[in-house]
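Given next are the chains, with one letter for each unit.
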Amino acid sequence: MHLNEKFLASPKLLERICASRSVLKVDYLIVGQGLAGSLLSWQLLSRGKRVLVVDRDEEGTSSKVAAGLVTPIAGSRFNIPDGMERNLNFAKKFYWDLEESSGLTLFHHVRIARLFQNEKEVATWQKRIAESPERYKEFYEKLTIDSSQFHLPHGGFEMCQSGWLDLPAFLEQMRQILLERAAYAIGVVRPADIVTHENSVQWKNVEAGTIVFCQGWEGCQNEYFDWLPWNPARGDVLDIKMKNPSNESRIVNRGGWILPRGENVFRAGSTYDHDFANASPTETGKEEVLEKIARITGEEPEVISHRSAIRPSIRRSQIIMGRHPKHRSIAFFNGLGSKGVLNGPWHAHCLADHLLSNKPIPESADLQSNFV
Ligand SMILES: Cc1cc2nc3c(=O)[nH]c(=O)nc-3n(C[C@H](O)[C@H](O)[C@H](O)COP(=O)(O)OP(=O)(O)OC[C@H]3O[C@@H](n4cnc5c(N)ncnc54)[C@H](O)[C@@H]3O)c2cc1C
């Protein structure tokens, strides 16, 4: 049977293929359309590959709950990791190009007012900028901020080249792109339902050269990859209303962060709970975010919504990717952790290079060299 494009351009693609008993042949079957699956599918499609992305289409995934912050200087150690500039430039160009072609605003260039939490942070920061002044000067400026609205007993700095990606809008745009190319279907791919051959895999009526699992934290339950050192972390995000700071357009971070969304609404986060029973929001998580807000400002927040999800984190929050050591037609892209928006695009590009041309994967992310 001829599967024409109109027939395929539907989230119910799988039902239709299965009902028609025809076999859909693709180069890559991608499991999951979170940030990882979206980025990789784009790389493969733009290189002319036939792709099918199958996603469960559920709420409450890491990509749908995440604030999407891009923070070049992260954490209390104010470290700029190796390769950060390369990854940041690649990511910004990728999101810009997507904005150009879609006419949407997806990446918001917003600076971060980083307020020091204590004197230890001040000392760490001063040491960092003294050690690598050239590298750091690209990423910060002197902070000017209304001290009547924020707690800043130890001062702070203004982080540049930061921002946030509207992840739900990004995912929806990617879904539309996939649908237009008949490359998206709603469904659940169970690893047990895959039949592996030397150079291909079969799943239902779909035959793929390679299946790539981009399942987020649920990858830890996938029998092909459950042996990796998973370290997933549940995180809470609140949407709150506050009268003030009314004229602050920057993200303000003091351990926790608040992100202005307009009309006195702020997104606030976040928590890292490695000992979770499930992905649901908890009272403890909510209290923790409220405490973080209280460290930033004395304003009383009104909680509008509380959501949580599980970050896919492997070992020390490392992106890990590559082919399965035994089953070469099974591959993996995961561990995007809390910096997926910044680091994901460049890694997806490298993984596509590897899958198509066998180019080596960057060592820090290579499944083989790290774990086999
Ligand atoms: C509270 C919180 C705050 C965060 N803040 C930030 C931030 O500010 N900046 C940042 O860069 N990152 C942040 N992150 C992390 C970010 O969300 C992740 O890096 C990234 O979104 C993970 O994307 P993913 O595609 O790997 O996983 P997911 O988003 O979990 O996507 C996996 C997809 O696979 C689907 N799936 C799973 N199993 C199957 C199956 N068997 N069959 C079909 N489909 C399946 C799921 O339904 C889902 O759609 C945050 C995360 C959380 C939880």
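Located above this text is the structure these notes cover.
Residues numbered from 1 in each chain as written. Predicted model: local features only at pLDDT ≥ 70, side-chain atom pairs only at ≥ 80, totals over all residues. Heavy atoms only, no water.

K.L.:
Explain the overall build of the protein to me, using residue names and the numbers behind them.
P.N.:
Within the protein one finds eleven helices and 19 strands. The C-alpha radius of gyration computed for the protein amounts to 22 Å, which stays within 12% of the reference 21 Å derived for 372 residues, consistent with globular compactness. Counting only C-alpha atoms, the protein reaches 70 × 40 × 40 Å along its principal axes. Of all 372 residues assigned to the protein, the portion counted as buried reaches 52%. In the protein, once contacts between residues fewer than 6 apart in sequence are set aside, the share between residues at least 24 apart is 74%. As displayed, the protein offers around 16,900 Å² of accessible surface, 47% of which is attributable to carbon and sulfur atoms. For the protein, the centre of its 45 positive side-chain charges and the centre of its 45 negative side-chain charges are spaced 3 Å apart. (Helix = DSSP H or I, 4+ residues; strand = E, 2+ residues; numbered from the N terminus. Rg over C-alpha atoms; globule rule 2.2 N^0.38 Å. Buried < 20%, exposed > 50% of the residue type's maximum accessible area, 1.4 Å probe, protein only. Contact = heavy atoms within 4.5 Å. Areas by Shrake-Rupley, 256 points an atom, 1.4 Å probe, with all protein chains shown as cover. Lys, Arg positive; Asp, Glu negative; His and termini not counted. Charge placed at Lys NZ, Arg CZ, Asp CG, Glu CD.)

K.L.:
Go over the pattern of salt bridges, please, and point to the residues and values.
P.N.:
In the structure shown here, the tally under the stated rule is 18 salt bridges. A salt bridge links Glu 158 to Arg 111, with the nearest nitrogen and oxygen atoms 2.8 Å apart. Pair noted here: Glu 158 is in strand E7 (residues 156-159) and Arg 111 is in the loop between strand E4 (107-109) and strand E5 (112-115), with a separation of 47 residues, a long-range link. A residue is classified by how much of its surface remains accessible, and Arg 111, at 32% relative accessible area, is partly exposed. (Salt bridge = Lys/Arg side-chain N within 4 Å of Asp/Glu carboxyl O.)

K.L.:
Go over the site of the ligand with me, naming the residues and quoting the values.
P.N.:
The immediate surroundings of the ligand are formed by 35 residues, with Asp 55, Glu 58, Ser 62, Ser 63 and Gly 337 found nearest. Arg 56 places a main-chain nitrogen or oxygen 3.2 Å from a nitrogen atom of the ligand. Within the contact set of the ligand, an oxygen atom lies 3.3 Å away from a backbone nitrogen or oxygen of Gly 68. Burial of the ligand by the surrounding chains reaches 97%, relative to a free accessible area of 1,000 Å². Every element with two or more residues in the shell around the ligand is listed here: helix H3 (35-45), strand E2 (51-55), helix H4 (62-65), strand E13 (233-241), strand E17 (302-311) and helix H10 (340-357). Across the shell around the ligand, the residue classes break down as 15 nonpolar, 14 polar and six charged. Counting contributing residues per domain, the shell around the ligand is built from domain 1 (5-64 + 168-229 + 316-371) and domain 2 (94-165 + 231-311), each supplying no fewer than three. (Near = heavy atom within 4 Å. Polar contact = N/O pair within 3.5 Å; in protein donor to acceptor, adjacent residues only side chain to side chain. Nonpolar A, V, L, I, M, F, W, Y, C, P; charged D, E, K, R; others polar. Domains from an automatic or database assignment.)

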